Structure formats: structure tokens, C-alpha cells
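Observations on chain architecture
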Number of protein chains: 2
Amino acid sequence: MERISIIENFFPKNDPALLQKAEDNLPTLLETELVPVSFAAPTLAPGETVRWDFGTHCVGYLTLQLSFSGSHPDAPALLRLRFAERLEEFMEDASAYHGWISKGWIAEELLHVDRLPFTVSLPRRYAFRYLECTVIDTSRKFRLVVDRVWVRAVSAVDPTRVTPLERTDPKLCRIDAVAIKTLAECMQEVFEDGPKRDRRLWLGDFRLQALVNGVTFRNFALVKRCLYLFAGTRFPDDRIAACLFTDGEPAADDTWFSDYALLYPVALAEYLALTDDSEALRDLYDVAVAQLDRALAMTDADGIVNADFVDAAFIDWSPGLEKTASTMGVLLYALPYGRVLAQKNGDALRDAIYAEALERGRAAAKTRFWDPAKGVFVSNGQISPASQIWMTLGGVLPEASAKGALCRLLSEPSETPLVAPYLHHYALEALLSVGKTDAAMEHLLSYWGGMVDRGADTFWEIWNPEAPDASPYGGTIVNSYCHAWSCTPSYFLRNHLL
Amino acid sequence: MERISIIENFFPKNDPALLQKAEDNLPTLLETELVPVSFAAPTLAPGETVRWDFGTHCVGYLTLQLSFSGSHPDAPALLRLRFAERLEEFMEDASAYHGWISKGWIAEELLHVDRLPFTVSLPRRYAFRYLECTVIDTSRKFRLVVDRVWVRAVSAVDPTRVTPLERTDPKLCRIDAVAIKTLAECMQEVFEDGPKRDRRLWLGDFRLQALVNGVTFRNFALVKRCLYLFAGTRFPDDRIAACLFTDGEPAADDTWFSDYALLYPVALAEYLALTDDSEALRDLYDVAVAQLDRALAMTDADGIVNADFVDAAFIDWSPGLEKTASTMGVLLYALPYGRVLAQKNGDALRDAIYAEALERGRAAAKTRFWDPAKGVFVSNGQISPASQIWMTLGGVLPEASAKGALCRLLSEPSETPLVAPYLHHYALEALLSVGKTDAAMEHLLSYWGGMVDRGADTFWEIWNPEAPDASPYGGTIVNSYCHAWSCTPSYFLRNHLL
């Protein structure tokens, strides 16, 4: 399921003043040295392989201290290194991957070591728990000895500084710990979506990371930095990009996800609620409300988001998902946050406009999508959990009426099931919004608990219990197994459920 | 045909005073920037390949200045680089090589480029004329652009400083130029055997390089450095190793070639004849004569080198070659140089011993190897060109008698033909020693001229016109096509033939 946006001659609009404030909030990364849990300096002949387990997920820089046994090395040692977040990845054949995202993401390196003893420090950052080293060749005169292996692991935060959950179900404690580890690994110079792949600031992921950060690390400088980055490099017409490149001069990607853009005012309002940062309100207000204004401008005569807007929505990786109701739901979900911003900024006119748009939009959505006979929301003929979730979050029906449809669709098989943990987050949010606390807890335990049951140290980019080997990219070898949008159990456990 | 020496717990005997004098003669390498002869910054999609021709053989460090076209890069670019001294090498499949020397010598690199634009400088030195760059993958959002490619080429000498041959056959001028280029490429911090592979100081190659250097670059400091290195790190029993490791703390390899060791006093005597360096005579005399003394101690009751000595001889890569006569010939060839050293050093006793050993050895060799009925030298039942060459160079028969056997064996097919250019050198030396100047010139033109006819920019490690794809290593992909022991045509042309 390819999802690629290419805009010819795209030049993002960069605002130096905003980018400078982003730079002012650049974190100093914490460094920790990690070594394999069990290590006995191996002597390796050509063809031999050794694997190490670092005991936990690491994001960082690998160093191998190498020497030899036998005669003086008379040829380069040729090594292949493979990195894996999960041990299962070593079963995959890199050469068999022909998916639609780059083979460059496959975490392996080919190294020539011309001189021994030698200490090799890889310049690239890797995300992994397991490391495999294969000696492709030495010469017949010597064998390679690995004297020491270590990782200089990096993160903007220290996960051990968050007080662990206690006095509750051990499974929930474990889920919380894995979620916090996931978030910590993704907190680098920006909130990355995943440290293995992309390594970029994605808006949909960011809003969820900021939520969890608010109840754990409370590193608001990094949230501020990212809010300024999104505003500081945007589309020429002020749309906020779905993701940014921040390695080098910050640059908006030429990808716009209409639903993600609506989460910018949400994330800003949530940040302000926690920090009361008036400078940020002043600097970022215009860009934030511009996202809502554009969405309202892209509604049809009935007040429903138009086809162009829907086509640009992400919502989920589910193939075939009809997204009109969901995307409309995101708009209705975001408008109240827009009102909060407008009120904070003394913008009574916009507050009134958003209030009116919300009321009109909810009524229009009810008319367009609610099927009272079936008791479900129907989006252009399709009944999906996604539509129920976002119509519920959009407040289209009173709590009691939405509840039934939501619970039924989340428990029944669907042709367009939830795929990404990102949408599972909103399923929980929706359940809690209609008071279904038990169902939310059950969903959390079964979905995120399912990853924990399969040995997750960090939560995954993709997890479909019905199709454990699914990948939206045409091959699981490029899936990310530490992914920001999966880290929200800690938000629910610490803020709502316990 | 594997040829590997492994001595358990081998610790070379290093002499700090000698190694310090070697270090004092470390050359400063000359650097030249080389670019492809024809270059138009290509834009490469995944799967696309481009090749560049640098117009001449280079030894050095590659830099690629990379950028992109299309959207901002959203994934690493994954590149494969392959280097070739000859264009034909690109037809070879690296994965099919399973020979007995390391796959690590195959000249290719796999590169991840995480950020673009970026300038990639490879830390490893490569020897090549042609470079191939394949984009294995980018993402669908961008293509890789190669803006510029250059090589920082290195050598201890500048081949343009040697006056080219003139007023003679253009083919001979070309052979001379190729030979000088070959030598220049191999003159780095030591006289390397080949800049692609091994990159080490081999004694047999060194003696030939020093010969050619004497009539071309006259860089005697580098010769002195290498003479001191060979003496400065040797076997614990004072044998000189077949080769040294000089990248890092100098270290003798645990390989002893009995014939190579005999060439150390030869090379020293030749160096002294050109420089009159009394310090070198004083410092190196003992080690030089020790090589001859050991050979004499390893002769049997008749004065012929014993089986252990013969087993340790290199002579040539020819499989099945019976080496007793050849190895005895090397001893007889070296003894007169030993006498020169003894005389220079006022060591009358040794001079007398060597004179007596020479006379006795020649007589013994004539008795043992000369078949008057057949008019050839026979080594344990085998008639080979190698035996004729070395018995001739050893002066076993008067010039007139040796001449016939030598010329016949060099012109007839043999089951043990000459393989390496190294032995071809001694064939020429033998022809000249018996006054066969025309035959020597003809051999030079046909053998080295054959490489030139096939487009050689530098002379090759291996060249057998009857088997152009031969490799002693189980695969031509690891053959070296710029190899020191092939550079001697310039010595013959400049010293003897023209």
C-alpha cells in the first residue's frame, strides 16, 4: 500500500525566528554505555557468526574492539553486521525485500578491517537490541577476535527517572514500562517517529508522544522545540507538513496529511494547558488556527470535509478504508481545541466561528453518516471501526447513542480492521470518552499486552494480532519495532485508568 | 595452489635501532587529484549504474560529492561501489569467488548515505582505473545525483620526472612507460608488491623494484628504508622473512622463502654499488651474510641445497615445478654478491668460504643436474625452463654450453611453463648473461608487449598468454593488475638493451 506524496519544485517556507527558538530548545542527549548481557570474547573463523543481546532496546553508536589469533593478519577481515530490534528479524532475508520503501533502511553493514588490532566505531546510529556479526572472510592465517563490543546509547531522557507503576497488575506495570521505554528511545533531538526508520518528526506521532511526555518525562522544552519546528518550516501556503526533516537545516516534507495538520492546534492547546507558555501562544497561534481555517474552507455545502481533504488524510494503514467520516471526525475533534486557543488569545471572532462550525458540522455529520436503522456510522456505504471512533471523538451523537456502535464495531470482525497502534490509541480515547473504562482497559491489555506477550521491549509500529507478519511496506524487515505512536498506554494508565 | 605458512607462537625479533633508521627514511607521499576523463554529473534512479574511467591507474582515496534531485531525501541512499584496475573485472561476480585468499581483497564497498547533499570520503585506499557506482536504492521520492568524483592519488614518486624513452620502437617506449608507472604505483611508504592486494613489502619483488628504481627514480632513501625494515624485523633465528607488515609496528610475516632470503645480500650489494653507503654496510652486513650462511648450512654432503631448503623456495607459481635445481641456482647466483659484501667489509674469511662454496656448488650442480646426453638440466627427473634459467644464472656451465639448453627450453612448450612475471625477469637476466640479447628483446616484446596489447596501463601480477584467465588464487577477481615484480622491462631497456 504505497503512500507517497511528491510535489515538483517544492520549497518549504522557513521562518528563521521560529527556527531559532526551536534551536534554543535543542536538548543535550544523555549518553549511556551498554554492553551485551553475556559476552565472552569470541574467536571467529570465516563463515562463523556470533550474536549478542544487549538486554534492552538501544538507540546509539556501536563500537567493536577487534584483534586476532594466529599469524599476523595478511588480508582485510570482511564482516557483515546485522542489527535487530527483535530476534525474529534475523530469520529474514534482506535480499528478498522488494517493498516500496528504501532497502537503505535494512539495518546491516559490510565492513572491511584492514588492520588488526583495531577499534571500529560505526558512524551511523542504529536502533537494536540484538547484534549479529558474521566473518565473511579473514585469511587462512588468522581468525578474528572480538575483544569488546559496546554501544554509546543516546536519548534526550532517562527512562529510569520516571517512577514505575506499582501496586497494580504486573502485566499493566510491564505495559507501562515498555511504553515509557518506547517513548524514551524516540526522544532524541526531536520526537522521532521511530529510531530505526524515518527518524523524523511526524505530526501524528508527535501529538501522542507529547501526551505521554506530559504524564512521564515532562520534558516540555522538547515539545516546545517541535511545535516551533512544525511552524518554522511549513508549506508555502502555511499548511503544516505531515513530517519534517531535522537532520541538517530543518525542512518540511512535501507531504500533507489533512488529519495530522488538524492535530497541530490540538497539540499546541495541550502544551499550553501544561505550561501556560504565553510566548508560544503568541508565536504559534496564527499557524495553528490556519490549519483549522483551511479545513473549514475545504468543506462542502453541507459542512462536510470535501474529497480533496479526505484524500489527504492518513487515519490508518488499513487498505480500502473509506475515510470521509473519520476525517470529518478529526475536524470535529480538533475544533474545541481551536476554541480554547482562540479564547486564550482573545480572538472572540474565531471562537464564534469555530463554535458555529462545530455545531453545524456535528449536525451535518449525523445527517450524512449516522444510520439510525443499523445504529452505526456509515461512510459512503462502508461500516468501519475507524468511522465509529472518530464520529464518537467528534461528539456527533450523545454519549449513550455513540457507545453502542463503537463497542460493537470494536468487538466484531471487520473488513477494515484497526491496523496501526496510532488508531488503537484513538479507539481507547473514544471508549473513555463514552465512559467505557472497562472496555478500554480490556482493549489495552489485549492489544498492547499482546505485544508484551510476544516479548516486546518497546512497542511496535504495526501490530495486527490477526496478521502478525503484516507490513505496510511490502516486507517486515523494514518495520520499526520501537515506534512513537505505540507509546500511549502510559498516558491512559497514568491519567485515566488507574 | 595454496601457499600458506603458519608458525604457532611466532614472535619476530625486532631491532629498534634498525627500525628507527627505517623510520628516518619514511617518504612523504606526493598527492595528486585525479578526476574521470569524461564526467557529466549523473542522476541515478534505484538500480542504475554508472562507470567512470580515470584514464590511468590510480592508487588513492576516493571522494564522492553527492546530492539529489526530486523531493527531500526521506531514506538513506544505498550504494555499491566497485573498483577495477581493468575494465574486464566488472564482468566478474564477486559472490562466485571462493578461492583461498580473502574475499576481503575484492575491491567493493557498500555505503549508506543518510543525509544529502553529502560528501563521502572513503577511508580505505584503493588501486583502480575504473569505478562503478550502483544505486541499490534511494526512495521513490528522490534520485541520487553525483556532482563530482575525485581521487587523491598517492605515491612516493612522480612518474613524469623520469625522462621517457625516445628514438626507439614506439612499442618499446610504451612498455617502458607502463613499467615505470607500475613501479611508481607500488612505491608508497615501502616498495609494495601491489597496491590492490597484499600492499606489503615482499623481498623477491623488492629486489626487482630496487633494480628498476636504480635506472629510473633513483629514490635510494626508500631502498635504504626497506633494507633496514627487512633487517629490523626478522625471524628469531635471523632469517629474513619473505614479507613484512609495515602498516603499524613493523612485523615480519611468519613466512620464509629460502630463495627470497638469498636475494637480500644481492639487493644490499646492488644498493651499495649505487650509493656507497658505509653505514648501511656496517648495520646490515651481519644479517645479509647470515642468509647465505644458513643456506650453506642447509646443503647436503654433495653441497646441494637440501629438501627443507627447497621446500621453502618460491621460484614461481607453476604447479608441479620441481625446484631443487632452481633453488640451488639461486644460491649460486647469490654467492658472488656475498663475496662482494665480504670484500667491502674486509671479511676475508667469509670471502674465502663463499668462493670455495661457489666452486664446489657449481661442480656439484653440474654433476647432479646436467644431463650431457640431453643437453639440459634435469631436476629430480623434471626438465623445466626454471631449472635452465637458474642453473644458467648460477654459472654452472660455461656460457656457450648453458645457452643451448636455456634457449631451447624457453621456446618449447613445457609442462611447467613460466607463470609469474617474476620468473620471466630471471629468464631475461639469464638470456643476457649468455649473450642472447636478441632473444631477450624478443621475449620482452612478446611477454610484456602481450600485456600492453591487451590494454595494460600497468603490468600484471600474473600473465600467461596460454591461459589469460589464470589465477593462482582460485579466481581472477583477486588478481593484482599493477604488480611490482612485473616492472623490470625498464631495467633491461635502460640498462642493457638500448
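1. Digging into helix H5 (residues 258-275) of chain A
All names here are of chain A. For H5, built from 18 residues, the straight-helix expectation of 26 Å at 1.5 Å per residue is met to within 8% by its first-to-last C-alpha distance of 27 Å. Counting buried residues along H5, 15 of its 18 residues qualify, which places the element largely inside the surrounding structure. Of the residues flanking the end of H5, it is Asp-276, one or two places downstream, whose phi is positive at about 55°.

2. Describing the relation of the copies chain B and chain A
Overlay of chain B on chain A (RMSD 0.0 Å): rotation 180°, translation along the axis 0.0 Å. Both copies are brought into coincidence by an operation consistent with a two-fold rotation axis. Using C-alpha coordinates, one finds that chain B approaches the rotation axis most closely at Leu-110 of chain B, a distance of 3.2 Å.

3. Some details on the sheet that holds strand E13 (residues 251-252) of chain A
All names here are of chain A. Taken together, 3 strands build an open sheet; the order of strands is E10-E12-E13 and the sheet is antiparallel. Each edge of the open sheet carries a strand with a single partner, namely strand E10 (201-202) and E13. Where E10 lies against strand E12 (residues 243-245), 2 bridges are found, and the strand directions are antiparallel. Paired with Leu-201 across the strands is Leu-244, a residue of E12.

4. Some remarks on the interface of chain B and chain A
Taken residue by residue, the interface counts 43 residues in chain B and 43 residues in chain A. In this assembly, chain B packs against chain A so that about 3300 Å² is buried in total across both faces, 49% of it on carbon and sulfur atoms. Broken down residue by residue, the surface that chain B buries against chain A is led by His-112, Arg-140 and Lys-141 of chain B, which jointly contribute 19%. Seen at the junction of chain B and chain A, the total is 8 salt bridges. Where Arg-115 of chain A meets Asp-247 of chain B, a salt bridge forms, and the shortest distance between an N and an O atom there is 2.9 Å. There are 26 residue pairs in polar contact (both at pLDDT 80 or more) connecting chain B and chain A.

5. Focus on the pattern of salt bridges
Residue and element names in this part refer to chain B. Within this structure, the stated rule accounts for 74 salt bridges over all chains. We note a salt bridge from Asp-238 to Lys-13, for which the minimum N-O separation is 2.8 Å. One end of the pair, Asp-238, is in the loop between strand E11 (233-234) and strand E12 (243-245); the other, Lys-13, is in strand E1 (residues 13-14), and 225 residues separate them in sequence. The exposure class assigned to Lys-13 is partly exposed, which follows from its relative accessible area of 34%. Lys-196 is paired through a salt bridge with Glu-89; the nearest N and O atoms lie 3.5 Å apart. With a gap of 107 residues between them, Lys-196 in the loop between helix H2 (170-186) and strand E10 (201-202) and Glu-89 in the loop between strand E5 (77-84) and strand E6 (108-113) connect regions that are remote in the sequence.

Cut-offs and rules
- All residue numbers here refer to positions counted from 1 along the written sequence of the relevant chain.
- Each chain gets a letter, beginning with A, and each ligand a number, beginning with 1, in the order they are written.
- Restriction of local features to residues with pLDDT of at least 70 applies here, the model being predicted, together with a cutoff of 80 or more for giving and counting side-chain atom pairs; totals for whole chains, interfaces and linings are based on all residues.
- Based on all heavy atoms of the structure, the side-chain values leave hydrogens and waters out of the count.
- The helix and strand labels rest on DSSP assignments: H or I over at least four residues marks a helix, E over at least two residues marks a strand, and numbering proceeds from the N terminus.
- A helix's residues, less one, multiplied by 1.5 Å, set its expected span.
- Each residue is assigned to one of three classes by its accessible area relative to the maximum for its type, calculated with a 1.4 Å probe on protein chains only: buried under 20%, partly exposed between the two thresholds, exposed over 50%.
- The least-squares superposition of copies is restricted to C-alpha atoms, and to residues with a pLDDT of at least 70 in both copies.
- Strands were regarded as paired on the criterion that DSSP finds at least two bridges between them.
- Contact definition: two residues touch when any of their heavy atoms are within 4.5 Å.
- The term buried area means the drop in 1.4 Å probe accessible area that two parts suffer when joined, counted for both and summed.
- By salt bridge we mean one thing: a side-chain nitrogen of Lys or Arg within 4 Å of a carboxyl oxygen of Asp or Glu.
- Contacts described as polar in this section are N or O atom pairs within 3.5 Å, which, within protein, must combine one atom able to donate a hydrogen with one able to accept it, while residues neighboring in sequence count only if both atoms come from side chains.

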